[in-house]
Amino acid sequence: MEIKRFDIEKDLKRLENYLRNCYCLTGNMTSWLPERLHDLIYRMDVQYKDCGLPKSADYIFIWEDNGDIIGCILPDGDAVYMSIKNGSESIFADMVTYAEANCLPLFQKGRNGFVDFLVIANDSLAYRGKILTEMGYRKQINEDYDNYVYPQTTDVTVELPDGYKLLYGDEYPDEAMKWSALNLGFHPELEAHGYRNGMTAYDSRKKSSMYADSFEVIITDENTKEENNVCAYCFVYVDTVTKTALIEPVSTRERYRHKGLGTALMHGAILKCREKVVTKCYVNSYDWRRKFYNAAGFVTEDSIGFWHKLLK
């Protein structure tokens, strides 16, 4: 068995195929989708770098047996996830120990000099919780993530209040407005006339091999006098091999919430996925967002626990 650090030039396609195979074997997201890997590399890591933080992809590690991938460490900022091929579960404890030793630069030390090391583990993979407990981890009680999947057989329609419009991708060509509105949904304190979000992550995402099959969904306010009339935005990664989609990120500006726009945005994404013959449409959720995705017709496939341990 050999452990290798991920090299995007040599390993991206291999890791994509490994994640696809893991998904096809189980039919559920107990491992990352390849779309999730692309979002990390081409969007999140660019944002981390812009903030002066290390890139998570530099801390992806691959376990190989006779040249075949049997597991990998997949970090995202200050959280670490392990994907393991069915039949190789015995490597999990060693992977956690390896992550503790090699992924620490992704975490900031507290004033006491300790790192709050965070491992993400699917609740359905009960053996992981048992091993993490034995290794001194404690599960966070609230704000677990959920993997929601939309049942594509259910009928949906896009219903918008008067004066609002749903558009896809290039139907709204001003990229800066779309990307700025997305960030304002996460950071309403930045709302100001003329606000613009940096475009490096937006432009980087176009380098993804999945970009051509993926799409944006936008809702606009047709009556506002404000320069930026984008109310809500989401990006939908599409993998034509697994026929899955991952909606990430999803954002509605604060002043436009509680109008049904978020549900309309999700239904617009679902309808476009149907056109692209996507069979499962995923989104990650936690806390109050669960109710939002439930209202849009998503159902929980699996829950994901946050496991913490203080490391010196």
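Check the secondary structure of the protein chain and you find eight helices and 13 strands. On C-alpha atoms alone, the protein chain measures out to a radius of gyration of 20 Å, which is about the 20 Å that the 2.2 N^0.38 rule sets for 312 residues. Across its three principal directions, the C-alpha atoms of the protein chain cover 60 × 45 × 40 Å. The 312 residues of the protein chain split such that 53% are buried. Taking the intrachain contacts of the protein chain between residues at least 6 apart in sequence as the baseline, contacts between residues at least 24 apart amount to 72%. Accessible surface, the protein chain: about 14,600 Å² in total, of which carbon and sulfur atoms supply 49%. Taken as two groups, the 38 positive and 47 negative side-chain charges of the protein chain have centres that lie 2 Å from each other.

Over its 17 residues, helix α2 (residues 34-50) extends 24 Å from the first C-alpha to the last, a length consistent with the 24 Å expected when each residue adds 1.5 Å. In the structure, α2 departs most strongly from a straight axis at L40, where the bend amounts to approximately 40°.

Take the packing of aromatic side chains next. Any two aromatic rings considered together are summarised by their centre-to-centre distance and by the angle between their planes. Going through the model one piece at a time under the given rule, you end up with 17 aromatic pairs. Taken together, a centroid distance of 4.8 Å and an interplanar angle of 55° make the contact between F292 and Y293 tilted. On the basis of relative accessible area, Y293 is assigned to the buried category, the value being 5%. A connected cluster of aromatic rings, assembled from ring pairs, spans Y148, Y150, F292, Y293 and F298. One Lys or Arg, R205, reaches over the ring of F235 and ends 3.7 Å from the middle of that ring.

Mapping R128 onto the fold places it in helix α4 (residues 126-134). Although R128 lies buried, it forms no salt bridge, and the closest oppositely charged side chain, E89, sits 7.1 Å away as judged by the N-O distance. Non-local contacts of R128, meaning those with residues more than four positions away in its chain, are made with Y81, M82, S83, I84, F92 and A121.

With that settled, the discussion passes to the nonpolar core. Counting residues in each nonpolar core, the largest one holds 51 residues, and the members touching the most others are L15, L37, I73, L74, M82, C103 and F117. Those residues within four positions of M82 in sequence are excluded, and the remaining contacts are C72, I73, F92, M95, V96, A99, V119 and R128. One finds Y164, L166, V236 and C273 within the second-largest nonpolar core, a separate group that totals 31 residues.

The next point concerns unusual backbone geometry. A cis amide bond links E248 with the next residue in sequence, P249, at an omega value of 0°. Within the secondary structure layout, P249 lies in strand β11 (residues 244-252). The phi angle at K243 is positive, at roughly 60°, despite the residue not being glycine. Looking at where K243 falls in the secondary structure, it is placed in the loop between β10 (230-239) and β11.

What counts, and at which threshold
- Residues numbered from 1 in each chain as written.
- Predicted model: local features only at pLDDT ≥ 70, side-chain atom pairs only at ≥ 80, totals over all residues.
- Heavy atoms only, no water.
- Helix = DSSP H or I, 4+ residues; strand = E, 2+ residues; numbered from the N terminus.
- Rg over C-alpha atoms; globule rule 2.2 N^0.38 Å.
- Buried < 20%, exposed > 50% of the residue type's maximum accessible area, 1.4 Å probe, protein only.
- Contact = heavy atoms within 4.5 Å.
- Areas by Shrake-Rupley, 256 points an atom, 1.4 Å probe, with all protein chains shown as cover.
- Lys, Arg positive; Asp, Glu negative; His and termini not counted.
- Charge placed at Lys NZ, Arg CZ, Asp CG, Glu CD.
- Expected span 1.5 Å × (residues − 1).
- Bend = angle between axes of the 7 residues up to and from the residue.
- Phe/Tyr/Trp six-rings, centres within 6.5 Å; stacked < 30°, edge-to-face > 60°.
- Lys NZ or Arg CZ within 6 Å of the ring centre and 35° of its normal.
- Salt bridge = Lys/Arg side-chain N within 4 Å of Asp/Glu carboxyl O.
- Core = buried A, V, L, I, M, F, W, Y, C linked by side-chain atoms within 4.5 Å.

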